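# Breakdown of the fold
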Amino acid sequence: MSLLLMRLTANQLYRYDQDHQCGGCSSLRSITKHETINLVCKSCGTLHVIQKSIVYDGEFRVDEVHKNKFQKGNSTIPVGTKLVLKGINFEVVGVLKKAEGNAYTWQEYYLYNTKVGYRFLTEYQGHWIFLEEIVDKKHIKEQPYDNEAVYDHEYYRLFSDYHASIESANGEFPINLLKVSKTLVKEYILPPFLITSEKDDDKKHWFKGEYLPTEELDEALQGKIILPDSFGIGVVEPYKPRVWFTELMQISVVSVAILFFIHVFFSKSELVFEKKFYSETISEMRNVGSGYDSSKVYISPSFQLKNGNANLEFTLEANVDNNWLETDIVLVNDKTGDEYNVSMGVEFYSGVEGGESWTEGSKETDSMIEKIPEGLYHLEISPSTTYPNLVSNFTLKVHRGVAVYGGLFIILLLLCIYPIISYYQEKTFEYRRWQVSDNTPFEEDSWLGVF
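Residues numbered from 1 in each chain as written. Predicted model: local features only at pLDDT ≥ 70, side-chain atom pairs only at ≥ 80, totals over all residues. Heavy atoms only, no water.

## Focus on the overall build of the protein
Within the protein, the regular secondary structure consists of five helices and 30 strands. Expressed as a percentage of the 451 residues in the protein, the buried residues total 39%. Here the analysis covers contacts within the protein between residues at least 6 apart in sequence; of these, 63% occur between residues at least 24 apart. (Helix = DSSP H or I, 4+ residues; strand = E, 2+ residues; numbered from the N terminus. Buried < 20%, exposed > 50% of the residue type's maximum accessible area, 1.4 Å probe, protein only. Contact = heavy atoms within 4.5 Å.)

## Structural notes on the nonpolar core
Core analysis: the biggest nonpolar cluster contains 26 residues, and Phe273, Phe303, Leu312, Phe314, Leu325 and Leu379 have the highest contact counts within it. Tyr110, Phe120, Phe159 and Ala169 belong to the second largest nonpolar core, which has 25 residues in total. (Core = buried A, V, L, I, M, F, W, Y, C linked by side-chain atoms within 4.5 Å.)

## Focus on the confidence of the model for the protein
Should the pLDDT be low somewhere, the predicted coordinates at that spot are not to be read in detail. Of all residues in the protein, 84% have pLDDT values of 70 or greater, and the mean over the chain is 84. When the criterion is pLDDT under 50, residues 1-10 qualifies, and its contacts beyond four places in sequence or with other chains add up to three contacts. Counting interchain partners and residues more than four positions distant, the pLDDT-below-50 stretch residues 285-295 has 21 contacts. (pLDDT = per-residue confidence, 0-100.)

## Points about the state of the cysteines
Enumeration according to the criterion identifies zero disulfides in this entry. You can see Cys22 has no disulfide; the closest cysteine sulfur is in Cys44, sitting 3.6 Å from it. Between Cys25, a free cysteine, and Cys44, which holds the nearest cysteine sulfur, the sulfur-to-sulfur gap is 3.7 Å. (Disulfide = S-S within 2.5 Å.)

## Description of the packing of aromatic side chains
Evaluated as defined, the whole model comprises 15 aromatic pairs. With a centroid separation of 5.8 Å and 35 degrees between ring planes, the pair formed by Tyr109 and Trp128 is classed as tilted. Taken together, the residues Tyr109 in strand S9 (residues 104-113) and Trp128 in strand S11 (residues 127-133) connect sequence positions 19 residues apart. For Tyr109, a relative accessible area of 0% corresponds to the buried category. (Phe/Tyr/Trp six-rings, centres within 6.5 Å; stacked < 30°, edge-to-face > 60°.)

## With respect to the environment of Phe409
Mapped onto the elements, Phe409 comes out in helix H5 (residues 406-434). Sequence spacing of Phe409 and Val256 is 153 residues, and the spatial spacing of their C-alpha atoms is 9.1 Å.

## Overview of the environment of Lys363
Relative to the assigned elements, Lys363 resides in the loop between strand S27 (356-362) and strand S28 (364-372). The sequence separation of Lys363 and Glu317 amounts to 46 residues, and the corresponding C-alpha distance is 5.9 Å. Beyond its immediate chain neighbours, meaning those up to four positions away, Lys363 contacts Leu316, Glu317, Ala318, Asn319, Val320, Val346 and Phe348.

## Some points on the pattern of salt bridges
Side chains that carry opposite charge are capable of pairing whenever their charged atoms lie near each other. Throughout the structure, instances matching the rule amount to nine salt bridges. As a salt-bridge pair, Glu132 and Arg119 come within 3.4 Å of each other at their nearest N and O atoms. Within this pair, whereas Glu132 is found in strand S11, its partner Arg119 is found in strand S10 (residues 117-124), the two being separated by 13 residues in sequence. Given the relative accessible area of 36%, Glu132 is considered partly exposed. Judged by relative accessible area, Arg119 falls into the buried class, the value being 14%. (Salt bridge = Lys/Arg side-chain N within 4 Å of Asp/Glu carboxyl O.)

## Observations regarding unusual backbone geometry
Here the amide bond leading from Pro191 into Pro192 is cis, since omega sits at 10 degrees, within 30 degrees of zero. Take Pro192: it is sitting in the loop between strand S16 (184-190) and strand S17 (193-199). Even without being a glycine, Asp152 presents a positive backbone phi close to 50 degrees. In this structure, Asp152 sits in the loop between strand S13 (148-151) and strand S14 (154-163). Judged by its relative accessible area of 41%, Asp152 is partly exposed. Within the chain, Lys371 stands out as a residue other than glycine whose phi angle is a positive 55 degrees. Tracing the backbone shows Lys371 in strand S28.

## Notes on a nonpolar patch on the surface
Together, Ile410, Leu414, Ile417, Tyr418 and Ile421 line one region of the surface with nonpolar side chains, adding up to about 480 Å² of accessible area. Summarising the element assignment, Ile417 is placed in helix H5. Classification of Ile417 by relative accessible area gives partly exposed; the value is 40%. (Patch = residues over 30% accessible without salt bridge, like charges linked within 9 Å, V, L, I, M, F, W, Y side chains within 5 Å. Areas by Shrake-Rupley, 256 points an atom, 1.4 Å probe, with all protein chains shown as cover.)

## Considering the sheet that holds strand S24 (residues 310-318)
Read across the open sheet, the four strands follow the order S19-S30-S24-S28; overall the sheet is antiparallel. The outermost strands of the open sheet, each flanked by one partner alone, are strand S19 (270-278) and S28. Across the sheet, the mean angle from the axis of one strand to that of its neighbour is 15 degrees, orientation sign disregarded. By the bridge criterion, eight bridges tie S19 to strand S30 (residues 393-400) in an arrangement that is antiparallel. Across the sheet, Lys275 pairs through a bridge with Leu396, a residue of S30. (Pairing = 2+ DSSP bridges. Axes fitted to C-alpha atoms, helices over the stretch in contact; angles between N-to-C directions.)

## Regarding the side chain of Thr428
With respect to the helices, strands and loops of the structure, Thr428 is situated in helix H5. Under the relative-accessibility criterion, Thr428 is labelled buried at 14%. At 2.8 Å, the side chain of Thr428 forms a polar contact with the backbone oxygen of Tyr424. (Polar contact = N/O pair within 3.5 Å; in protein donor to acceptor, adjacent residues only side chain to side chain.)

Here's what the structure looks like:
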């Protein structure tokens, strides 16, 4: 063959959709997309570098042929498959199987529509992401010192950065596959979204992706292809609890507020007895030894307790000052003679030691008896105190139906259990997601990794 004929053959022009021979295995191949830069033969993996004709519209030539450049690989979704995603009709025109070292492999699908151009699907461990290129890059700002990127006022956290290699390829591609291994990829995530940058020697491209549920992809394929089961946690897989933690907390707060209101509204206390005892009354008590004994018992007038079974709260206030006061109280039902006993005491001491003042004790205390039946009652009160430093006065108050918050706090605790569990589950989910990243925000010895 003459040199002139070899040049004519090397620069032979082909029309799009016209069959031409593969430079590796001589099988017939055609290029359908004018944006195609690389064509990979599905039979032998030979790479064809395509150059559009600048003279003849709708024609191209094969500039370079790299025989058996890539391995033949099987993909879940074959080249030529048609599907409808996000309301747009697409055709799968190319498939790449990529790898990061020996650790991770995934598949990338090039989807094409004549009106919108290219969109992309990635699949790793059965998790799918649907991506499109970001044309207006002015809304993207990287913050490398914080491992973050800002896009449309949303903060995305750096998940991974790497160089990938191609293990297998098939179909038409609008990129130069020979530069893939030199391309630095950075992935920033804000589940269920991510933004990805791909930077080579020439320029940087940005893409935005969103997690694609398997059910949605299966519907797009009309169930014609069996999709792989997912395992692990996807890079941008959203956490999907039955109820969100914030919603649970809102429900809990509202529930507690309602319970608190009901509890207070229906627990209005009633003052059923109050008396202030002065030193004259106390001094009437007979001196026995070194103290004052309650030989003279004060018997109160009878008073009525209403509203079925309810509690009684006794409050003792005494003007104790470096002394003490104790009081034995007996609540007596006038009709049945049933007795309920309460012993209460207060003490208060103060002084100066080493130039500093100190105090100990309290001048007030309270005690409660639960479930006292309604009826007519009286009190028998027997106070005692120290001698000769008598207490000048003390006051005893008795309230009926006092609000008790112990049960309310137990209910509050019970209402918080499920939100706490939900919060733990959500944090554990995120912890597991970030375990495959070198940029995890979690501490290495985080308690989330214990269980």
